[in-house]
2 protein chains.
Amino acid sequence: MSSPSALGIVHPQSMHFPTPLILQSGAQLAGYTLMYETYGTLNAARSNAVLVCHALNASHHVAGAYDDGDAKSVGWWDNMVGPGKPLDTDRFFVIGVNNLGSCFGSTGPMHDNPATGKPYGADFPVVTVEDWVNAQARLADALGIEQFAAVMGGSLGGMQALAWSMLYPQRLRHCVVIASTAKLSAQNIAFNDVARQSILTDPDFHGGDFYAHGVVPKNGLRVARMVGHITYLSDDDMAEKFGRDLRAGEYQFGFGVDFEIESYLRYQGDKFSEYFDANTYLLITKALDYFDPAARFGGDLTKTLAQTDAQTQFLLASFTTDWRFAPERSREIVQALVNNKRRVTYAEIDAPHGHDAFLLEDPRYLGVVRAYYERVWGDLNQAGGGAA
Amino acid sequence: MSSPSALGIVHPQSMHFPTPLILQSGAQLAGYTLMYETYGTLNAARSNAVLVCHALNASHHVAGAYDDGDAKSVGWWDNMVGPGKPLDTDRFFVIGVNNLGSCFGSTGPMHDNPATGKPYGADFPVVTVEDWVNAQARLADALGIEQFAAVMGGSLGGMQALAWSMLYPQRLRHCVVIASTAKLSAQNIAFNDVARQSILTDPDFHGGDFYAHGVVPKNGLRVARMVGHITYLSDDDMAEKFGRDLRAGEYQFGFGVDFEIESYLRYQGDKFSEYFDANTYLLITKALDYFDPAARFGGDLTKTLAQTDAQTQFLLASFTTDWRFAPERSREIVQALVNNKRRVTYAEIDAPHGHDAFLLEDPRYLGVVRAYYERVWGDLNQAGGGAA
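Here we summarise the structure given alongside this text. Because the structure is predicted, anything quoted here is derived from the model rather than measured. (Residues numbered from 1 in each chain as written. Chains lettered and ligands numbered in written order. Predicted model: local features only at pLDDT ≥ 70, side-chain atom pairs only at ≥ 80, totals over all residues. Heavy atoms only, no water.)

A look at the interface of chain B and chain A
Phase 1: With 52 residues of chain B in contact, the opposing surface of chain A contributes 52 residues.
Phase 2: Note on chain B versus chain A: buried area summed over both sides is about 4600 Å², and carbon and sulfur give 67% of it.
Phase 3: Interface area lost by chain B to chain A is led by Arg244, Phe253 and Phe255 of chain B, which between them contribute 18%.
Phase 4: Where chain B packs against chain A, one counts ten salt bridges.
Phase 5: Among the ionic pairs, Lys286 of chain B bridges to Asp258 of chain A, the shortest N-O distance being 2.5 Å.
Phase 6: Seen at the junction of chain B and chain A, the total is 22 residue pairs in polar contact (both at pLDDT 80 or more).
Phase 7: Those elements that provide at least two residues to the side of chain B that touches chain A are helix 3 (186-200), helix 5 (218-232), helix 6 (235-241), helix 7 (260-275) and helix 8 (278-290) of chain B.
Phase 8: A total of eleven residues in the side of chain B that touches chain A trace back to one element, the largest contributor, which is helix 3 of chain B.
Phase 9: Broken down by class, the residue content of the side of chain B that touches chain A amounts to 27 nonpolar, 13 polar and twelve charged. (Contact = heavy atoms within 4.5 Å. Buried area = accessible area lost by both parts, 1.4 Å probe. Salt bridge = Lys/Arg side-chain N within 4 Å of Asp/Glu carboxyl O. Polar contact = N/O pair within 3.5 Å; in protein donor to acceptor, adjacent residues only side chain to side chain. Helix = DSSP H or I, 4+ residues; strand = E, 2+ residues; numbered from the N terminus. Nonpolar A, V, L, I, M, F, W, Y, C, P; charged D, E, K, R; others polar.)

Quick look at the environment of Gly108 of chain A
Residue and element names in this part refer to chain A.
Phase 1: Within the secondary structure, Gly108 is located in the loop between strand 8 (93-97) and strand 9 (112-113).
Phase 2: It is 7.6 Å that separates the C-alpha atoms of Gly108 and Tyr120, two residues lying twelve residues apart in sequence.
Phase 3: Other than its neighbours up to four places away in sequence, Gly108 contacts Gly101, Ser102, Tyr120 and Phe124.

Some details on empty space enclosed by the protein
Phase 1: A full pass over the atoms with the stated rule returns four cavities of 30 Å³ or more.
Phase 2: Its volume calculated, the largest cavity comes out at about 130 Å³.
Phase 3: In this structure, the largest cavity is lined by 14 residues; those nearest its centre are Ser198, Thr201 and Asp202 of chain A together with Ser198 and Thr201 of chain B.
Phase 4: Every element with two or more residues in the lining of the largest cavity is listed here: helix 5 (218-232) of chain A together with helix 5 of chain B.
Phase 5: Residue composition of the lining of the largest cavity, grouped by class: four nonpolar, eight polar and two charged. (1 Å grid on protein atoms, 1.4 Å probe; cavity = no way out; pocket = protein on both sides within 12 Å on 5 of 7 lines; lining within 4 Å. Points joined across faces, edges and corners; volume = space filled by probe spheres on them.)

Structure follows, in structure tokens:
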């Protein structure tokens, strides 16, 4: 059977880091494990590595397929990463890494806390975008990568790419930030808090120690996902796909499913509640809320982005119908980079699919990223390190 | 102590209707009670009555204050209705009526089902905007009001006003529809379903029979209100009022309150969950979802509004930052009325407060309504029925 991905079958790897990691909160993780995957080949100069950072519910499994015969086991950005894809694994050595606190293998709330011998649960320390980037930098060290050709991400992944450009300015030549923002708005935080309250008040949450009770706060997670999902789609796209279509052709005059949109959202919520960890959801929404690198510069994004290296180049992309992180949020970043005389490419893509557009097949969008990686490749070869 | 309302102290009244009401679903209510209030004096010609229809969590208590020394007991539209107010009770006889299924005194899910002798709970029949209007029409009959000078409402109240203009076209001279829509979008329904799922899956809901268990599904109601509340406010207004302001000046690195917006929303949710009935919330969101008078005209709003009387005049108003029922939704109604050669006034008010603007003090908005009621008054006197 042919693989459902051009990359073929891929295998996750893991690496343990015994040195404690000091977190932004002041807490520390005594030691931790990161799950990661790599695609393509690291060249002799170790200069063709690209780090792909993941968003809310994704993982290190960026591209390729697992050998489990399940079409769903294809990586979340398989349309972006692979041989001949916009981020071409025939040229680049691509790394996907699962963030700390996640539920896909890297150390997280469901793992044992060495201090107690019991799962961390809600005691897993709150981690930030910056903490993730610090952990990723250690992985880069271990893999012998001093400088990435690019660090790239969409949404929360874009925040990590942006944080890389400020925390490790010499360690990336290009920074690709898609459908992201330099900080969440009050409305963004409000939606995240609805999701958190839904989980925290689910009796099956047990203060985060639901593992010990053999239950999962499914109802809370389900509602959290439903509300989140609404913010990923555009109003227009929802109208186009579902409108007021009725499941059974007429009103049921009850509280079951009337509208197709209800059926769709409940299904998304159910599915999510079956595989995602509630503590991870809390942690990741907090990382989103807390990201605000300009805070310690009095909100001045230009001063904030002066931390980036003058040699680092940027691609920013946004989508017209994204109301979660609207184009205006990307434009603010672009303007602040321009104010710092950084080289920036900006694409505002007219796409109907809202925030989710960054994950979807869109020829204009993928074309923009492809063209940008042509430049990254040219830049790399000019620098003399392109030969694989 | 002077009254907190220009109208002074008001008293609710109730009326029982023993004749069964056949509902849109086919179900029937054997008998029912409506709570209502009136302000001003009905003139001899019985021509100066204005019906004010309420939205989601409001009631018959439109204006005036109760004699309980509580400033909060002032009616929900006291800035709109009263002596010298835009809807001037020195001129008009204003009626507020609590809708069926509500939790403020009219027959609802917490009342005994005569068939079982136990509270209706989730067995209370699903009621629609049209059902409410039919019940209101019986109240008008009982009060001897053959034709209203105006029927008026905001949001869900505006839907009732619009339904009046089609179900009882001869029974209103003016129809005032504020911040409303001819039908909910997929996104609107999606948010309502998140709220419903939050309530339905709260273990304290007990399939709607929580009364018998001596509990209230507070957590579900709380999350439902939080998500609803976000949609009532504009993104900009939330940014202006709360931004990223921190309660304690710094991150807490936990899941308590970090941001002021979280504190505000949780407070709104808590407060709501203490006074509002969960079954009522389910019913009212369904009434919103189901309202779609154009459905039986193949979605053609012009054909739909041809049901209105050629003599009925309309005021439509919307608010620029309302993303729940955006100005576009009002414009559709205006266009369809114009297509039917109806006399329509339309005001699109540049206001920062989102959907909630229809309840707030805004000189331009209140000025528009005041000017319109001057016309209603002039119209009434021209018709020879103005003397109180």
